[in-house]
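Next come the chains, spelled out residue by residue.
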Amino acid sequence: MSHSTVPRSRAEAEATEKTPAAPDGATGTGKKPPAGKLSLRLRFRRDRALLLMTLPAVLLVLLFNYVPILGNVVAFQNYDPYISDNGIVSILHSPWVGLENFQRIFEDSAFWNAVQNTLVLFFLQLVLYFPIPILLALLINSVVRPRVRAISQAILYLPHFFSWVLVVAVFQQLLGGAGLLSTLLRDHGYDGLSVMTDPDTFKFLVTAQSVWKDAGWGIIVFLAALASVSPDLYEAAAMDGANRWRRMWHVTLPALRPVIALLLVLRVGDALTVGFEQILLQRDAVGPGAAEVLDTFVWWNGVRNQDFGFAAAAGLVKGVISLGLVLIANKVAHLMGEQGVYKK
Amino acid sequence: MTAVIDKPARTPGRWAAPPRPVWEEKAGPAGLAAKGLVLLLACLAILFPLWIVVVTSLSTRKAIDEAGGLVMIPTDVTFVAYQELLSGGQVTRAAAVSIGVTLVGTLFSMAVSVLCAYGLSRSGSLGHRWVLMVLLATMFFSAGLIPTYLLVQSLGLTDSYLALILPSAISVFNILVLRGFFMGISQELIDSARIDGAGDFRILWRIVMPLSRAVLAVITLFYAVGYWSAWFNASLYLNDQDMMPLQNVMIQLVQKQEAPVGLGQAIKTGELSGLAVQMAVMVMALLPVAVLSPFVQRHFKKGMLTGAVKG
């Protein structure tokens with residue numbers, strides 16, 4: 001922490017002037033503030049503008065991220081939304097039921113189905129989606145011409161900024177029952193496709209959509225890691241007789257290792273959250289059997305079926321397990337010698 | 001090594017390939033072709049669907065009927081679909097809602113985030129570690145859909161545009177990116193401004209922000225895209241169909257294959273193809289994003305990395 005010698009404001013200037021001069025006991029406390037450290041009151045006066053600046057964001061976060069945590073008590077209630085038209089008043093007057101909602105969840109086969117779908121989808125994405133940005137980044141990094149690089153990057157980044165509604169709609173137009181591919185097949189005497197409504201292939205479809213939308217965006221991090229590799233390493237390797245493949249194996253990939261490890265760990269930590277919006281948009285077309293994940297399960301039971309206590313309990317279970325996973329993942333990152341999301 | 005100077009070196013243009021180091025092998029034709037092909041296919045996989053959507057939205061009913069659906073090669077170009085959609089009615093209103101929410105929301109989000117990021121960027125300031133912890137912790141947990149829904153409803157935000165802005169107004173990640181960038185600005189510069197009598201607000205406005213144009217552009221784009229693409233909050237908190245933003249109308253038109261209100265008759269009888277209308281709505285949804293993001297693109301890397309994985 002580099003603390004400048006220039007006082008931040010008049011308050012600090014006064015303080016630094018006074019502190020050495022003030023005799024012990026003159027301020028009434030009898031304690032001299034340690035050198036270089038200001039009293040709380042003076043620090044507050046010095047930093048009040050900065051504190052004021054952070055205030056709106058802190059208030060928003062407290063209101064919309066922390067206050068709702070308290071609302072999770074409906075998981076232990078038989079919450080009745082019709083007691084009053086204000087949710088908080090309803091919470092205060094709803095009967096407590098203990099762990100009944102949790103019991104119902106664990107006995108509900110639809111919940112376990114959602115758990116299974118979530119995990120299957122997570123592993124599919126890990127195997128089919130995760131390596132693609134790395135390969136693309138290696139490919140783009142090996143392109144020498146700046147113009148080719150710039151144009152292909154601009155195109156590959158683009159879908160990341162499209163909404164899920166748009167991405168799903170594009171897929172529907174191309175692969176749907178009345179879509180382009182289906183029409184082409186029918187024109188040539190084959191059966192049409194039903195990829196968009198087929199429960200058996202739905203998880204692959206979802207993965208393909210994720211790849212289309214975000215694989216290009218994912219290369220940014222890897223390109224940055226590649227750009228930071230010293231060219232001297234490549235030259236040294238070449239002098240030692242390594243051809244381009246050996247150089248990729250012994251120089252490029254080790255340079256990517258920390259980023260790959262970090263992203264992998266983060267992804268595992270986020271395993272229970274897979275594509276909520278994306279799947280919600282397609283849930284009705286495929287049916288909950290194949291499409292329901294934990295997030296859509298909560299949405300369906302809470303928002304649609306108004307079974308708030310039950311849905312909140314499911315959400316709470318998911319949230320607690322997710323939090324645990326993130327913390328474990330971060331711990332693993334630290335053990336592997338990487339920085340993780342936060343520092344130790 | 002003795003340098004042989006025979007020709008003055010040409011000044012390389014912006015797009016000129018950098019000189020190859022002597023030790024690097026020359027790429028063979030097969031390798032180059034393979035690389036080019038993979039890159040081309042990847043780019044086509046993204047551009048081809050967009051091309052079809054745009055072309056179909058510009059096609060007449062006749063051209064669409066002849067193609068038996070989506071049009072790949074433009075023959076008759078017409079703007080009827082856009083004229084119909086933008087001549088008042090459901091889609092016009094939805095586009096206006098989306099634009100309004102995006103403008104107001106982005107402005108609000110940027111104001112709150114920039115202030116907060118600067119407030120946290122001066123190390124050693126009172127309580128900045130605590131505030132940082134409070135913000136960072138939210139990256140690890142979410143309160144859950146149901147409690148958030150009940151809160152927004154209790155606050156009386158239901159059926160109000162505020163419900164589309166406030167609950168998701170700030171992203172802690174974006175604040176961290178901004179903070180990381182602000183922390184990179186030299187302390188001497190800020191100190192000298194302070195000696196000249198500038199307060200924190202003036203320093204932020206006159207010194208820090210002008211120096212951070214690149215990252216401000218990136219974060220503005222992130223927030224704007226977030227508001228423009230959002231549909232879930234609207235489906236959750238709005239009941240009034242007339243208040244729905246463009247994405248939600250697109251769900252009805254394209255996914256559920258409904259005709260836009262007021263256009264059903266025109267589609268049944270007139271020149272207009274229902275498919276062209278759907279595609280036109282999709283183009284309207286993707287156009288602003290596709291036009292804006294390439295301008296900010298060259299800052300992405302810098303913006304994403306300055307604050308990305310730092311506490």
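About the thresholds
Residues numbered from 1 in each chain as written. Chains lettered and ligands numbered in written order. Predicted model: local features only at pLDDT ≥ 70, side-chain atom pairs only at ≥ 80, totals over all residues. Heavy atoms only, no water. Helix = DSSP H or I, 4+ residues; strand = E, 2+ residues; numbered from the N terminus. Contact = heavy atoms within 4.5 Å. Core = buried A, V, L, I, M, F, W, Y, C linked by side-chain atoms within 4.5 Å. Buried < 20%, exposed > 50% of the residue type's maximum accessible area, 1.4 Å probe, protein only. Domains from an automatic or database assignment. Buried area = accessible area lost by both parts, 1.4 Å probe. Salt bridge = Lys/Arg side-chain N within 4 Å of Asp/Glu carboxyl O. Polar contact = N/O pair within 3.5 Å; in protein donor to acceptor, adjacent residues only side chain to side chain. UniProt positions renumbered as here; feature names shortened; annotations may be inferred.

(A) Quick peek at the side chain of Ser113(B). In this fold, Ser113(B) is placed in helix α4 (residues 90-121). Leave out the neighbours within four places in its chain, and Ser113(B) touches Ile170(B), Ile175(B), Leu178(B) and Tyr223(B).

(B) Spotlight on the nonpolar core. One finds Phe162(A), Tyr118(B), Leu246(B), Met282(B) and Phe300(B) to be the most contacted residues of the largest nonpolar core, which totals 175 residues. Sorting elements by how many residues they give to this core places helix α15 (residues 274-296) of chain B first, with 13 residues. Each of domain 1 (48-77) and domain 2 (90-308) of chain B gives at least three residues to this core. Look past the residues within four positions of Met282(B) in its chain and what remains in contact with it is Leu166(A), Ala169(A), Val170(A), Gln173(A), Val53(B), Met250(B) and Val254(B). Val229(A), Tyr234(A), Ala237(A) and Val251(A) belong to the second-largest nonpolar core, a separate cluster that totals seven residues.

(C) Inspection of the interface of chain B and chain A at higher detail. On the chain A side, the residues contacting the 101 residues of chain B number 105 residues. Together, the buried faces of chain B and chain A total about 9,100 Å²; carbon and sulfur atoms form 75% of this surface. In terms of surface lost to chain A, no three residues of chain B exceed Trp23(B), Leu126(B) and Phe140(B), which account for 10% of the buried area on that side. At the boundary of chain B and chain A, one finds zero salt bridges. Linking chain B to chain A there are eleven residue pairs in polar contact (both at pLDDT 80 or more). At 13 residues, the largest contribution of residues to the side of chain B that touches chain A is made by helix α1 (residues 29-57) of chain B.

(D) Representation of the pattern of salt bridges. In total, this model carries nine salt bridges over all chains according to the counting rule given. Residue Arg104(A) pairs with Asp307(A) through a salt bridge whose shortest N-O separation is 2.6 Å. Residue Arg104(A) is found in helix α4 (residues 100-107), and its partner Asp307(A) is found in the loop between α15 (294-304) and α16 (308-335); the two are separated by 203 residues along the sequence. Residue class for Arg104(A) comes out partly exposed when judged on its relative accessible area of 34%. Notably, a salt bridge pairs Arg61(B) with Asp65(B), separated by 4.0 Å at the nearest N-O pair. With Arg61(B) and Asp65(B) both in helix α2 (residues 61-67) and four residues apart, this pair spans about one turn of that helix. The exposure class assigned to Arg61(B) is partly exposed, which follows from its relative accessible area of 28%. We classify Asp65(B) as exposed; its relative accessible area is 52%. Among the ionic contacts, a cluster of salt bridges with common partners joins Arg283(A), Asp284(A) and Glu292(A).

(E) Representation of the UniProt feature "transmembrane region" (unreviewed entry) in chain A within the structure. Residue and element names in this part refer to chain A. According to UniProt, the "transmembrane region" (unreviewed entry) feature falls on residues 49-69, 119-140, 161-185, 215-234, 255-276 and 308-329. Helix makes up 100% of residues 49-69 and strand 0%, and the two end C-alpha atoms of the span are 30 Å apart. Secondary structure across residues 255-276 divides into 73% helix and 0% strand, with the first and last C-alpha atoms of the span separated by 33 Å.

(F) Geometry of unusual backbone geometry. Notably, Gln306(A) is not glycine yet its phi reads approximately 55 degrees, a positive angle. With respect to the helices, strands and loops of the structure, Gln306(A) is situated in the loop between α15 and α16. On the basis of relative accessible area, Gln306(A) is assigned to the partly exposed category, the value being 29%. A positive phi angle is found at Asp159(B), which is not glycine, with a value near 60 degrees. Among the structural elements, Asp159(B) can be located in the loop between α6 (145-154) and α7 (162-165). Since its relative accessible area comes to 33%, Asp159(B) is described here as partly exposed.

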